[in-house]
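Examination of the molecular architecture
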Amino acid sequence: MRFIPGLRHILLLGLTLITVLWLQPPHLQATLNVADDWIPTTAMTWDEQYVRLPDWSQLTFGNLPPLMSDGSFDAPEEIIQSLGYDLSRQWTAGQSLETVLKLGDFQTSLYLQLFNLENIADIAQLDLNQIALEALDLASWQTIEDLMAAIPTLGNLVIDQVPPLAALVDSVMTQALQATVSDLTLSEIVSQFPDLAQESLGQLGDQLSQFALTDIPGLSAAPLQAFRNWDNSTLAGVPGLTSVPFDQMPNPLSFTGAIGQIDIVFGPAETQRQQTVSGSYPQGFQVSCEQDCGHIELTGLPELQGKQWISGQFQSVEGGEGVLAAANGGQEPTGRHPFGEAFKVVVWDVDEGNGTVSTAIFFRMCQRGGWFAPDLGCTPYFIGPVPFLTYQETEFLLVGPLEQTVASSTSLPLAAGVTSEHSAAASESSPAPFLNSINTCQPASGQMTTSALIDQIVPPEQKANFVGPFVCDGQRNCGRSLGRYGLMSYRPEVRALIESQPGGADFLARIDAEEAIADEELPSFLPLATQQHQLQLDLTALTQQAQQEGLAGAALLERVNQLYWGGTGIPTEAIVADIHGKALSVTSESLSPCPSPLDLSANSLEEAER
Amino acid sequence: MKRLFRYRIILLAVLLIFVSVGILYARSPQPSWKLAREAAPSDLLTQVVADNFHPDITVDAGQMSVLKLQQAGQSQPLYLIDARLVDSETQPLCGAAGCAMFAYIRDQSVFRQVLATYLDPHLQPGQTLLQPTGDLHQGLPTLVAMQLVEADLQQITLAFDGQTYVIDRLDYLPHE
């Protein structure tokens, strides 16, 4: 009978082992599959089928799943010096996003900087009287001068009306002096004691926790962007921000583009996949895959039939822009942007046996400059993976805006006055004339193709068959923006190219008469190859100008880029930025006539600072 | 007699309305874009060229357009400058990003640039590229820029933060 208790022990031990193994935290790939429990979704009907989409009215930075792997970015010393603070970041698996991501990362996507604390408190239902000043990260690095600049009415207040600043003044002034300033306004105090303006709230240390946000009158009404170095605050450092749903952001997330159906899930044993719809902003979204090509094959729309969305777990692509593009070796997982540039959606686990696929999202760091400061650009999307939705074969998913495949074999129509020598410029095999002066690479490094060089100047962000609305420029020129490069239909050269096609004159007449034009019509009259041909002619003229300025190689490429975006009269030191403060022209460290990796050099930073 | 009295009252009311509208209109004339040589001081135009054009370019800055804004309560005029040259075949500061727009205020003996950006001038008829809202922020008028971004019409409100103009609000408007 003593045998039975022994057997019981063995059985119990076995059961325990099985239970422990069963419940052991699974491998990273498997853990992503729990995401669906965490991601609220909403259903949308499309072609009598249901598609599940994230419910942005319920999703916030605070309730997104945590990061699933470690990572870091070490900012070079030159960047730290140029900014005045350290951009470096480290994160670990399991860390929540709001402690890693910063306001500046979303400066040109979600525009979090337009919020003020009152807006956020309204949405998150917070009582700002109950929140300590310490909870606002950026408060600690604001000086009295910064606060007076951010809150214009502050200078008119007597010091005792602003308890945290009164405490700060008390901490740095002798008692005798304190008595002399107690009845003065802040403006008067600062004008009498200029050094006091440079004292920062951070000097109060733990005392900051004793004051409420409302103890600085006007603080909660000032937009976040009014504060110095606002972009360096983490999302968690802004009270309530992590509870704001994505659909209530200043520039809310929405759904755009095409919906595709998952036909088949393929595992990583697949190789040589050319018809892809995945990639990155710099490389476009048709990056082919050579090996380890786990992917989902899509169906549904004709444009998506048989196309592959490659798993970013197995394929990396070039990412990022500007100086920061060099982070993470310049690489990010391949994927798409159905929800815009705030984050990237990546196909992750592909389970061929069960026909299931998980997706993940990746974020990036940005340090935008704006109109008067250096724009360091953005890193590749490499902060992740964050588990997102999972799907099964036959389910639908949002693919986002579609690009037209580059039709390199499309015949090139000749317009009146355009010689065959020019038309040859569109061929990949013979570099365009303007490229001869740019391609100064060592033979060993090889030379980039015409398309690759053009893509550096004009990234392919728009569909090749894009037809814009009928517009006028305010100077009596009216027409439609056509194709990938936004060629205006009123330009004589563009009109000549279209008219050279059968039916082209009628097509132009319809454009001029403001008639509706379908995207599908454009390739018949202005195919992508013709668009590229016209772009090359434009760039050739700009190259000649840059050559006359004595430039060559990468410097010439940078100048051509600048002239293309900003016009022929732009000075060499100018940065072309749009209304959002996003630099459109890029500096030479981001451009390369040779296929070599980018590096972060002191020179490139000086260029960026310019 | 009673009827005549009623007519007089109506006539008086109509007259009052006309006079009121006339006074209001005279008090707040709508600012309009003018040729730079007519609306901007010559030293400002010299500075705009020096600040924003390549030194090898010869440009008649007087051909640019200027909107001089001086609203009630505004401490000093704001000069909005559309760098496009009126009736010119070439536009030195127009490229794929759009055309350059600047704003300047006087800062003691020189002018200070408070806005420098590119705006795509292509808009649907009836839409205005850049105009003041009538509000002031930190002593200067708030501005509204319209931009078509593919299928979206963006309305971008810009406010002066004491140093430069910054985006204060972003709205999407229905169009077409």
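Owing to the predicted nature of the structure, the values given are computational and were not obtained by experimental measurement.

Calculation notes
- Residues numbered from 1 in each chain as written.
- Chains lettered and ligands numbered in written order.
- Predicted model: local features only at pLDDT ≥ 70, side-chain atom pairs only at ≥ 80, totals over all residues.
- Heavy atoms only, no water.
- Pairing = 2+ DSSP bridges.
- Helix = DSSP H or I, 4+ residues; strand = E, 2+ residues; numbered from the N terminus.
- Axes fitted to C-alpha atoms, helices over the stretch in contact; angles between N-to-C directions.
- Buried < 20%, exposed > 50% of the residue type's maximum accessible area, 1.4 Å probe, protein only.
- Contact = heavy atoms within 4.5 Å.
- Buried area = accessible area lost by both parts, 1.4 Å probe.
- Salt bridge = Lys/Arg side-chain N within 4 Å of Asp/Glu carboxyl O.
- Polar contact = N/O pair within 3.5 Å; in protein donor to acceptor, adjacent residues only side chain to side chain.
- Nonpolar A, V, L, I, M, F, W, Y, C, P; charged D, E, K, R; others polar.
- Core = buried A, V, L, I, M, F, W, Y, C linked by side-chain atoms within 4.5 Å.
- pLDDT = per-residue confidence, 0-100.
- Disulfide = S-S within 2.5 Å.
- Phe/Tyr/Trp six-rings, centres within 6.5 Å; stacked < 30°, edge-to-face > 60°.
- Arc of directions from axis to C-beta.
- Parallel < 35°, antiparallel > 145°, perpendicular 65-115°, else oblique.

Some words on the sheet that holds strand E11 (residues 356-363) of chain A
Residues and elements named next belong to chain A. Taken in spatial order, the three strands of this open sheet run E10-E11-E14, and their pairing is antiparallel. Unpaired on one side and paired on the other, strand E10 (344-351) and strand E14 (383-392) mark the two borders of the sheet. Each strand of the sheet is rotated relative to its neighbour by a mean of 30 degrees, with strand direction disregarded.

Regarding the pairing of strand E5 (residues 98-107) of chain B
Residues and elements named next belong to chain B. Summarising burial for E5: eight of the 10 residues are buried, a large majority. As paired elements, strand E4 (residues 94-95) and E5 share two bridges and run antiparallel to each other. Note that in E5 the partner of Cys94 across the bridge is Cys99. Counted between consecutive antiparallel strands, the loop separating E4 from E5 contains two residues. Connecting E5 to the next strand, strand E6 (residues 110-119), in antiparallel fashion are two residues, including Gln108 with a positive phi near 60 degrees.

Details of the interface of chain A and chain B
Contacts between the two partners involve 38 residues from chain A, matched on the other side by 48 residues from chain B. Both sides together, the interface formed by chain A and chain B hides about 3,200 Å², and carbon and sulfur atoms give 58% of it. Our enumeration of links across chain A and chain B arrives at one salt bridge. Between B:Asp87 and A:Arg476 there is a salt bridge, and its shortest N-O distance comes to 3.2 Å. Scanning the region where chain A abuts chain B turns up 17 residue pairs in polar contact (both at pLDDT 80 or more). Where the side of chain A that touches chain B is concerned, the elements lending two or more residues are strand E16 (471-472) and helix H17 (553-566) of chain A. Partitioning the side of chain A that touches chain B into residue classes produces 22 nonpolar, 10 polar and six charged.

Regarding the nonpolar core
Ranked by internal contacts, the top residues of the largest apolar core, which has 107 residues, are A:Phe61, A:Leu112, A:Leu154, A:Leu165, A:Leu219 and A:Phe363. Apart from the residues within four sequence positions on either side, A:Leu165 is in contact with A:Ile144, A:Leu147, A:Leu154, A:Ile159, A:Leu186 and A:Leu201. Ranked by size, the runner-up nonpolar core spans 41 residues in total, among them A:Ile457, A:Ala546, A:Trp565 and B:Ile81.

What about the sheet that holds strand E7 (residues 130-137) of chain B?
Residues and elements named next belong to chain B. A sheet is described by the order of its strands in space; here four strands give the open sequence E7-E8-E9-E10, paired in antiparallel fashion. Of all the strands in the sheet, just E7 and strand E10 (165-173) have a single pairing partner and so form its edges. On average, each strand axis in the sheet is tilted by 30 degrees relative to the strand beside it, whichever way the strands run. With five bridges connecting them, E7 and strand E8 (residues 140-149) associate as antiparallel partners.

With respect to the confidence of the model for chain A
Taken as a whole, chain A shows an average pLDDT of 78; of its residues, 78% reach a score of 70 or greater. Counting interchain partners and residues more than four positions distant, the pLDDT-below-50 stretch residues 1-35 of chain A has 17 contacts.

Remarks on the pattern of salt bridges
Between side chains of opposite charge, a pair can form when the charged atoms approach closely. All names here are of chain A. Tallying each qualifying case throughout the model produces 20 salt bridges over all chains. Between Glu341 and Arg364 there is a salt bridge, and its shortest N-O distance comes to 3.1 Å. Residue Glu341 is located in the loop between strand E9 (331-333) and E10, and its partner Arg364 is located in the loop between E11 and strand E12 (366-367); the two are separated by 23 residues in the primary sequence. Taken together, the salt bridges that share partners define one network made up of Glu321, Glu341 and Arg364.

Structural notes on the state of the cysteines
Simply put, disulfide is the name for a covalent bond between the sulfur atoms of two cysteines. Here the structure, examined in full by the defined rule, presents four disulfides over all chains. Disulfide pairing is shown between A:Cys472 and A:Cys478; the S-S distance is 2.0 Å. Negative torsions about the S-S bond denote left-handed disulfides, and the value of about 110 degrees found for A:Cys472 with A:Cys478 makes this one right-handed. Note that B:Cys94 is cross-linked by a disulfide to B:Cys99, the S-S spacing being 2.0 Å. In this structure, the disulfide formed by B:Cys94 and B:Cys99 twists by about 115 degrees around the S-S bond and is classed as right-handed.

Regarding the side chain of A:Thr334
All names here are of chain A. With respect to the element layout, Thr334 can be found in the loop between E9 and E10. A distance of 3.0 Å separates the side chain of Thr334 from the backbone nitrogen of Gly279, its partner in a polar contact. Residues in contact with Thr334, not counting those within four places in the same chain, are Ser278, Gly279, Ile310, Ser311, Gly312, Gln315, Ser316, Val317, Lys344 and Val346.

Digging into the packing of aromatic side chains
One pass over the full model with this rule turns up 19 aromatic pairs over all chains. Linked through ring pairs, A:Trp56, A:Phe61, A:Phe106, A:Phe246, A:Phe339, A:Phe343, A:Phe363 and A:Phe388 together constitute an aromatic cluster.

Notes on unusual backbone geometry
Residue and element names in this part refer to chain A. With an omega of -5 degrees, the peptide bond running from Gly384 to Pro385 counts as cis. You will see that Tyr111, though not glycine, has its phi angle at about 55 degrees, which is positive. Residue placement: Tyr111 occurs in the loop between strand E4 (89-91) and helix H5 (117-124).

Some details on helix H13 (residues 492-499) of chain A
Residue and element names in this part refer to chain A. Listing the buried residues of H13 in full gives Val494, Leu497 and Ile498. Angularly, the buried residues of H13 cover 95 degrees about the axis, an arc narrow enough to put them on a single face. On its buried face, H13 sits against strand E18 (481-482), strand E19 (487-488), helix H14 (504-512), helix H15 (522-525) and helix H16 (528-548).

Topic: the packing of H13(A) against H14(A)
All names here are of chain A. At a closest axis distance of 7 Å, the pairing of H13 and H14 adopts a crossing angle of 135 degrees. Considering the angle they form, H13 stands oblique to H14. Contacts between H13 and H14 involve Arg495, Ile498 and Glu499 from the former and Gly504, Ala505, Phe507, Leu508 and Asp512 from the latter.

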